[in-house]
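Remarks on the overall topology
One letter stands for each residue in the lines below.
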Amino acid sequence: MDQLKRDRWNGLSGEAKDGIMRGLSGGLTPGFAYVGLETFERYGTGVETGVFEYEGRRFVFVPGDVVRLGWNGWQQGMDEATREDLLDAFGENGVEDVDAFLQEQMTPVREVVIGPMLAECETHSAGWREISAEDVPALDDSEMTEQLERFKKSDLGSYEVYESYRLKRVNGDIRVYLYEEDVTCEQWREDAFQGGFSLPTEDEWEICTGEAAVRCFLGETVSITA
């Protein structure tokens, strides 16, 4: 359907977009509800698109597109302050050639075809199982129990011990997550993705998180501590 491609989608009226989204909702996994149109803006560009809800989670419609992804070097180069920050940060970890190091971390520049999709607005950590805070003492882990009490009295939003447990404050409540080191990726996928859901491909992830920007940092400077 050509109207679901970005070049056609952006030229449609709000009424036309709303009608298409309402039509799509009938073919989605039971439980999806169309909320309406919203405009999302970032880095000087924006798109008006459909928003859906499913079991309290928000999804947005991403039009299909032909895009150029990846990174193969600076377009304008870094300003001096940013370069000094990067050299200091990477130098502490033994990285001497920052440009070469960044190039190794990036995907190659390529042109890809992305089909229209619904993408969830929030990310989820894999390999964590939520338990009740009241069940923590029963785990017989004195360090975790002590940290939980400290966390309750603190102003921290989250606290995590690597590959052990995570404490998170959500709307005044404290949620506790245990790391499941024995769960394989395949097992997690089977449990997490049913009824038509799936993980995004590398290309889909890159366009959703980077807006197809072929550059390393969006803007003149970058905060190393952010």
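For the structure itself, consult the block above.
Parameters and conventions
- Residues numbered from 1 in each chain as written.
- Predicted model: local features only at pLDDT ≥ 70, side-chain atom pairs only at ≥ 80, totals over all residues.
- Heavy atoms only, no water.
- Salt bridge = Lys/Arg side-chain N within 4 Å of Asp/Glu carboxyl O.
- Helix = DSSP H or I, 4+ residues; strand = E, 2+ residues; numbered from the N terminus.
- Buried < 20%, exposed > 50% of the residue type's maximum accessible area, 1.4 Å probe, protein only.
- Polar contact = N/O pair within 3.5 Å; in protein donor to acceptor, adjacent residues only side chain to side chain.
- Contact = heavy atoms within 4.5 Å.
- Pairing = 2+ DSSP bridges.
- Axes fitted to C-alpha atoms, helices over the stretch in contact; angles between N-to-C directions.
- Phe/Tyr/Trp six-rings, centres within 6.5 Å; stacked < 30°, edge-to-face > 60°.
- Lys NZ or Arg CZ within 6 Å of the ring centre and 35° of its normal.

What follows is about the pattern of salt bridges. Pairing between side chains becomes possible if they bear opposite charge and their charged atoms approach one another. Using the criterion set out here, one finds 13 salt bridges in the structure. The closest approach of N and O atoms between Arg110 and Glu202, which form a salt bridge, is 4.0 Å. Here Arg110 is found in strand β5 (residues 110–114), whereas its partner Glu202 is found in helix α7 (residues 202–210), with 92 residues between them in sequence. Residue class for Glu202 comes out exposed when judged on its relative accessible area of 54%. Note that Glu149 and Lys152 form a salt bridge whose closest N and O atoms lie 3.4 Å from each other. Placement of the pair is Glu149 and Lys152 together in helix α5 (residues 142–153), with a separation of 3 residues, close to one helical turn. Linked through salt bridges whose partners overlap, the residues forming this network are Arg110, Glu202, Asp203 and Glu206.

By secondary structure assignment, the location of Arg166 is in strand β9 (residues 165–170). Look at Arg166 and you get buried, because its relative accessible area is 17%. Engagement of the side chain of Arg166 in a polar contact is seen with the side chain of Glu160, the distance being 3.0 Å. Not counting residues within four places of it along the chain, the set of residues in contact with Arg166 comprises Ser125, Trp128, Tyr159, Glu160, Arg175, Val176 and Tyr177.

The next thing to look at is the side chain of Lys17. Position of Lys17 among the secondary structure elements: in helix α2 (residues 14–25). At a separation of 3.4 Å, a polar atom in the side chain of Lys17 contacts the main-chain carbonyl oxygen of Glu48. The residues touching Lys17, leaving out its near neighbours within four places in the chain, are Trp9, Asn10, Leu12, Leu37 and Glu48.

Another point: the sheet that holds strand β10 (residues 173–179). Across a sheet, strands are paired by hydrogen bonds formed along the backbone, either parallel or antiparallel in direction. Judged by pairing direction, the sheet is antiparallel, and its 4 strands sit side by side in the order β7-β10-β9-β8 without closing on themselves. Taken across any chain shown, the strands that pair with only one partner, and hence form the sheet edges, are β7 (128–131) and β8 (158–161). Taking the axes of each pair of neighbouring strands and ignoring which way they run, one obtains an average angle of 25 degrees across the sheet. α5 rests against β8, β9 and β10 of the sheet, and its axis sits at about 20 degrees to β9.

Our next topic: the packing of aromatic side chains. Inspection of the entire model under this criterion finds 9 aromatic pairs. Between Phe32 and Phe59, the ring centres sit 5.1 Å apart and the planes meet at 65 degrees, which makes this aromatic pair edge-to-face. Of this pair, Phe32 sits in strand β1 (residues 32–42) while Phe59 sits in strand β3 (residues 57–62), and the two are 27 residues apart along the sequence. For the pair shown, Phe32 and Phe59 are each scored as buried. For Phe59, a relative accessible area of 4% translates into the label buried. Through pairs of rings, three or more aromatic residues link up here, namely Phe32, Tyr54, Phe59 and Phe197. Against the face of Phe197 rests Arg57, its NZ or CZ located 5.8 Å from the ring centre. The positively charged end of Arg169 is found above the aromatic ring belonging to Phe151, 4.5 Å away from the centroid.

With antiparallel pairing, 4 strands are arranged side by side in an open sheet as β1-β2-β3-β6. The open sheet has two edge strands with one neighbour each: β1 and β6 (117–120). The average angle at which neighbouring strand axes cross in this sheet is 35 degrees, direction not considered. The pairing of strand β2 (residues 45–54) with β3 spans 4 bridges and is classified as antiparallel. Opposite Val51, over in β3, you have Val60 as the bridge partner. Each of β1, β2 and β3 is contacted by α2, which is oriented at about 140 degrees to β1, the strand it contacts most. Its contacts with the sheet place α7 against β1, β3 and β6, and it is angled at close to 65 degrees to β6.

These values are about where atoms sit, not about what they do.
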